[in-house]
2 protein chains.
Amino acid sequence: MAVLPPGVSAEAFAAATRAFAAAAGDEWVFTSDDELIPYRDYWSPVPDPEEALLPSAAVAPASVEEVQAIVRAANEHRTPLFPISTGKNFAYGGPAPSMRGCVVVDLKRMNRVLEVSDERNFALVEPGVSYFDLYEHIQQRGLNVWIDCANPGWGGPLGNTLDRGMGFTLGYYRDHAGAMHGVEVVLANGEVMRTGMGAVPDSRTWQDYRYAFGPDPSGLFPQGNFGIVTKMGVRLMPAPEHYRTGLVTVPKRADLRPLIAAVNYLSDLFMIGEPLYGSPLGRLWGDAEFREAATRRGGANAEEMDRLAAAAGLHSWQVELQFLGSEGTTLANWDYAKSLIARRVPDARFTDIQSVPLPLTEEQIALGTIPDQHYLWRSNLGIPSLNTWQSLGRSESMPDAWRQNHVGMFAVIPRSADGVFEAQQVFGDTLRDMGVGTRISAISTPVNWYQFSFLFSAGFSSGGGRPESTPETRARDAEILKTLMKTAAEHGWAEYRAAPWFQDAVSDAYSFNNHALRRFNETLKDAVDPNGILAPGRGGIWPRHLRGNRG
Amino acid sequence: MAVLPPGVSAEAFAAATRAFAAAAGDEWVFTSDDELIPYRDYWSPVPDPEEALLPSAAVAPASVEEVQAIVRAANEHRTPLFPISTGKNFAYGGPAPSMRGCVVVDLKRMNRVLEVSDERNFALVEPGVSYFDLYEHIQQRGLNVWIDCANPGWGGPLGNTLDRGMGFTLGYYRDHAGAMHGVEVVLANGEVMRTGMGAVPDSRTWQDYRYAFGPDPSGLFPQGNFGIVTKMGVRLMPAPEHYRTGLVTVPKRADLRPLIAAVNYLSDLFMIGEPLYGSPLGRLWGDAEFREAATRRGGANAEEMDRLAAAAGLHSWQVELQFLGSEGTTLANWDYAKSLIARRVPDARFTDIQSVPLPLTEEQIALGTIPDQHYLWRSNLGIPSLNTWQSLGRSESMPDAWRQNHVGMFAVIPRSADGVFEAQQVFGDTLRDMGVGTRISAISTPVNWYQFSFLFSAGFSSGGGRPESTPETRARDAEILKTLMKTAAEHGWAEYRAAPWFQDAVSDAYSFNNHALRRFNETLKDAVDPNGILAPGRGGIWPRHLRGNRG
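In this report, the structure presented in the accompanying data block is examined.

Definitions and limits used
Numbering of residues starts from 1 in every chain and runs along the sequence as written. To label them, take the chains in the order written and letter them from A, then take the ligands in the order written and number them from 1. Reporting in this predicted model follows two pLDDT cut-offs: at least 70 for local features of residues, and 80 or more for side-chain atom pairs to be given and counted; totals over whole chains, interfaces and linings ignore these cut-offs and use all residues. Excluded from the side-chain calculations are hydrogens and water; all other atoms, namely the structure's heavy atoms, are used. Least-squares superposition of the copies uses the C-alpha atoms of those residues scoring a pLDDT of at least 70 in each of them. Like charges are joined within 9 Å and nonpolar side chains (Val, Leu, Ile, Met, Phe, Trp, Tyr) within 5 Å, but only among residues with over 30% relative accessible area and no salt bridge; these make up the patches. Each accessible area value is a Shrake-Rupley result obtained with a 1.4 Å probe; residue values ignore everything except the protein chains displayed when judging cover. Any carboxyl oxygen of Asp or Glu within 4 Å of a side-chain nitrogen of Lys or Arg constitutes a salt bridge here. Starting at the N terminus, helices and strands are each numbered in turn, a helix being any DSSP run of H or I of at least four residues and a strand any DSSP run of E of at least two. Relative accessibility thresholds used throughout: buried, under 20% of the residue-type maximum; exposed, over 50%; partly exposed, between the two (1.4 Å probe, protein chains only). Only centres within 6.5 Å qualify two rings of Phe, Tyr or Trp (six-membered ring in Trp) as a pair; their planes then separate them into stacked at under 30 degrees, edge-to-face at over 60, and tilted for everything else. In this scheme, the term charge over a ring applies when either NZ of a lysine or CZ of an arginine sits within 6 Å of the ring centre and within 35 degrees of the ring normal. Buried Ala, Val, Leu, Ile, Met, Phe, Trp, Tyr and Cys residues that are joined via side-chain atoms within 4.5 Å together make up what is termed a nonpolar core. The criterion used for residue contact is that any of the two residues' heavy atoms lie within 4.5 Å.

Superposing chain B onto chain A requires a rotation of 180° together with a translation of 0.0 Å along the rotation axis, leaving an RMSD of 0.0 Å. Seen this way, the second copy is the image of the first under a two-fold rotation axis.

Listed below in structure tokens is the structure:
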């Protein structure tokens, strides 16, 4: 049951794989079912197995020159490629291609850390460098910089940045695409291009200034299909000497408004790291009266929720603030946060949580805790780990099913209480209308991964891409997700990211002026990749001859 | 002596101006010499007046629809356009076009501040909004945000961002192109496109998340010619409650190394605003022995400089640190800066300079000072002003001539002492070889406008574009500048910006792999602007039919 790219004959495909073998060596071209298992999406959300996004082959080059040769061969044989770096972003398709039949170009053999500076604070890495690799490189050399790593840390900075992933430290560094400083790309015509100051031969400032002179096309590579990125510069945060956290709670539902405004203020002055919002009212979830007030159609019953919260002696909202700096500066920032919030919410309560001198000892890292302190969340401290699933389980309202679920919706909503309240109601009602429970309620809180916006996630319990899922559960999941996406778009919101199976559905939301943005991008795409060989469909961008494939 | 665009007949041009008049109204199309004076570069560096970058006409639309109609007419009549917003960037050509004969599209009638949020901290503005306009809008409404303004403040956020200008507050906001969040653009085909979340109809988060889904072409607009930007979102910094500055000096030449590393550390943790480097050794400039040591060919005589500095009781380097926050956080940050630097340079000296509660009073702003405190540099405090020339005069080694000079070189160099020392030597020797004095010496310091890199400027005294300049002085200036640019490129450095007359010379430095970046950009350009009507040559990017114009 060989999978072939659309429109490519078995003969042409055989010729292409021979050419790939000539480029990368026989032993680095994979075509058998067994060999291709690692390039499947284990948690695939695709309902019909016949439509699963399977690769036709994979090739693993060891150098830029080999990537160039592969791209030239792909042009000659009109064979679409799908580059991956570590291929570990399982919530977004993992190593599987954006179109069934693409040849996966697996770049994990190109895994050198080319440079790290803790005087100028950057790294230059190849695609196969994982967060663990980069962390180890830094530790072994005693360099005084942090990485801002995704969680889990088996992914890497280059691939995560190209997915527009994010991390958990200071706002600037959390936005990985924003911290990208210069890339080297193999273009669809096989040529090598460098952006930013890398365009200066023997550049001395490739990672120090991101734009070069003239228009900067760097933004076309994240979530795009304009080239195969073979090197990437990323800004690194200096290693702070102290980590401090403090918990703020506010009593009433309406207090979320001044709370978020104050936290935005602190955040945009870079006085805090990632704020972690939550609601202590999860403890009332067993109370039917409360649940009804928090899931009322058309909007929460705020008065009733406030009454029940007060009766239970609970505050309505909490935010854990993280401070990175010295012992003195983190304390000053926390003290200032207290005074700023207390001015706006006089009844707010403040609790010191952690105060940790850095760097952590080996033992502290291994233990994941410090005596008398809360659990240390490693990725908040620039340490890669595999404790993601715990991360997703932190909120008390997070269902068990979600922990294994690899699809979901993360809509960009305004960083304001009004934005949160509206999202709670709209997504909650939508899910309730579809009979998928009470996951979203008036105590659901957003994540503030990206500094200037909230992401509001709508999980659901029908089974996701879990191993025990069936075509029926997956079809149902897809239906729910697409309904959520459509609902979001009707409210002026949209998702920032999508697994390949949903790339067109998400892209459809960005339809201003009859999809002017997508049409512009596709005009650019056709100009620089006339044969459409690079990742067709990625980011919703299809080359001319495959545009009919848009889902 | 009518100026016409290349290849456009007088008849075609007349038809085009009639079409522009139909689009924007007769009274908003300017064709006479008198009317076009405001669209000249008053400080033009162009040696031969016959080659001056003069417009053929100008048109001032009042709306997006009028811009669209103008673009469509320009396509029909193959008439190149050059859009300007306030047109006040006089160091970079002012309102004059990138190619002689372009029709200037003057957008200053489109001058609405469309939205400012001090809950989510952003602004959405039209092209004609100046920094003064935006500041006034914010003050009148009592909004709690700062602008990060260029100096002088008669420019505006949209145009300055498109020039990749920078300001003077926290690193994130100083990089104006980096703080850009979403644009509306009239494309070369006359269509309107919105980038970022603006691509979602009735978007609720246009200024909150910059990337949209899929590839992001936003970077093609700054220093580019891919569209006429008609709206722009910019992130704004929350207004801090306290401003503090402290002066650090270190005794020896070699102390610059640990000093810069420490300041980079503080900067990249966002604990300081723009660091202002300088050298107290300017006071020794009258000493021939010192001058010789500081301008020695092949590199400074560091031992001799250190000896003379010590004999005079002077320190070699200084940096003024700026802190933005509350009284407590700025003090904690300054205390931490002291301890951090003292650890690395035990002989460093620290002086408290300013400690100013914010907001400033009207009187303080008008006075420009506070009793017993140093001069308040308004643009460091988010207040637009016209005191640029004083800014340029702050350094004691800055020559009088430079204050009136509107061309110069700003090369991006590494943010390290090694980078500074090498730039001092290379540019200094180059200027000395050309017999243009001792402007660059071993006490010249860079500016840290962009957070992660230094800009090293090489001024020279031959006359620049000053009113009293002659074709000969201008030709000489151009020769010197181009020599500096070439020298920079030979050392892996390059300029981040260029006046139109030098756009190709600067672009030439970015030649990696036979100009792969420029060729990629020009392929994109031809695809979306096949008639090449938008700002030919801007950023070094020429449309196909004018590529022979490359200077």
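Okay, a nonpolar patch on the surface next. Residue and element names in this part refer to chain B. A cluster of nonpolar side chains, contributed by Phe132, Trp154 and Leu386, occupies part of the molecular surface with about 260 Å² of accessible area. For Leu386, the position within the fold is in the loop between α12 (362–367) and α13 (388–392). For Leu386, a relative accessible area of 48% puts it in the partly exposed group.

Under the definition given, this model contains 42 aromatic pairs over all chains. Arranged with centres 6.4 Å apart and planes meeting at 85°, the rings of Phe168 of chain B and Trp449 of chain B form a pair that is edge-to-face. Of this pair, Phe168 of chain B sits in the loop between α5 (157–162) and α6 (171–174) while Trp449 of chain B sits in the loop between α15 (417–433) and β17 (454–458), and the two are 281 residues apart along the sequence. Its relative accessible area of 6% is what places Phe168 of chain B among the buried residues. On the basis of relative accessibility, which here comes to 15%, the residue Trp449 of chain B falls in the buried class. In this structure an aromatic cluster arises from ring pairing among Tyr172, Tyr173, Phe270 and Phe452 of chain A together with Tyr172, Tyr173, Phe270 and Phe452 of chain B. In this structure, Arg109 of chain B is placed above the aromatic ring of Trp28 of chain B, and the distance from its NZ or CZ to the ring centre is 3.5 Å. Sitting above the plane of the Phe226 of chain B ring, Lys525 of chain B keeps its charged end 6.0 Å from the centroid.

Counting residues in hydrophobic clusters, the biggest one holds 244 residues, and the most contacted among them are Leu321 of chain A together with Leu321 of chain B. Apart from residues lying up to four places away in sequence, Leu321 of chain A is in contact with Arg244, Thr245, Gly246, Val248, Val263, Leu266, Ile272, Pro275, Trp334, Ala337 and Ile341 of chain A.

Turning our eyes to something else, we now look at the environment of Trp28 of chain B. Residue and element names in this part refer to chain B. Its place among the elements puts Trp28 in the loop between α1 (10–24) and β1 (29–30). We classify Trp28 as partly exposed; its relative accessible area is 29%. With 459 residues separating them along the chain, Trp28 and Thr487 place their C-alpha atoms 45 Å apart. Sequence-distant contacts of Trp28, that is, excluding residues within four places in its chain, are made with Ala58, Val59, Ala60 and Arg109.

All we've got here are geometric facts, nothing functional implied.
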